[in-house]
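What follows is the residue order along each chain.
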Amino acid sequence: MDNFEWKITVDPKDKYNKAKKDILQAQKSFNDLDYAQQQQLVYELIGAEKLNWLINSIQQLQK
């Protein structure tokens with residue numbers, strides 16, 4: 001259990017606010033990684049095809 005940090009947290013009951021909290025925490029965790037780890041994580045979780053879809057989706061939202 002040396003690889004884990006125990007914490008007591010409070011989560012919102014509202015699904016939207018919980019999702020928002022989770023995304024902000026994921027962003028913080030991602031930013032704590034070095035560049036090579038960020039690349040590896042993106043590749044493992046998303047893959048190239050889904051990454052292109054995500055980029056296109058974000059671009060559509062900005063229009």
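Residues numbered from 1 in each chain as written. Predicted model: local features only at pLDDT ≥ 70, side-chain atom pairs only at ≥ 80, totals over all residues. Heavy atoms only, no water.

**Thoughts on the pattern of salt bridges**
Okay, step 1: As enumerated under the stated definition, the model contains three salt bridges in all.
Okay, step 2: Where Lys-21 meets Asp-11, a salt bridge forms, and the shortest distance between an N and an O atom there is 2.8 Å. Of the two residues, Lys-21 sits in helix α1 (residues 15-31) while Asp-11 sits in the segment before α1, which places them 10 residues apart along the sequence.
Okay, step 3: Exposure remark for Asp-11: the relative accessible area of 38% places this residue in the partly exposed category.
Okay, step 4: Residue Asp-22 is joined to Lys-18 by a salt bridge in which the shortest nitrogen-to-oxygen separation is 2.9 Å. With Asp-22 and Lys-18 both in helix α1, this residue pair falls four residues apart, about one helical turn.
Okay, step 5: Of the residues examined, Asp-22 reaches a relative accessible area of 34% and is grouped as partly exposed.
Okay, step 6: With a relative accessible area of 32%, Lys-18 lands in the partly exposed category. (Salt bridge = Lys/Arg side-chain N within 4 Å of Asp/Glu carboxyl O. Helix = DSSP H or I, 4+ residues; strand = E, 2+ residues; numbered from the N terminus. Buried < 20%, exposed > 50% of the residue type's maximum accessible area, 1.4 Å probe, protein only.)

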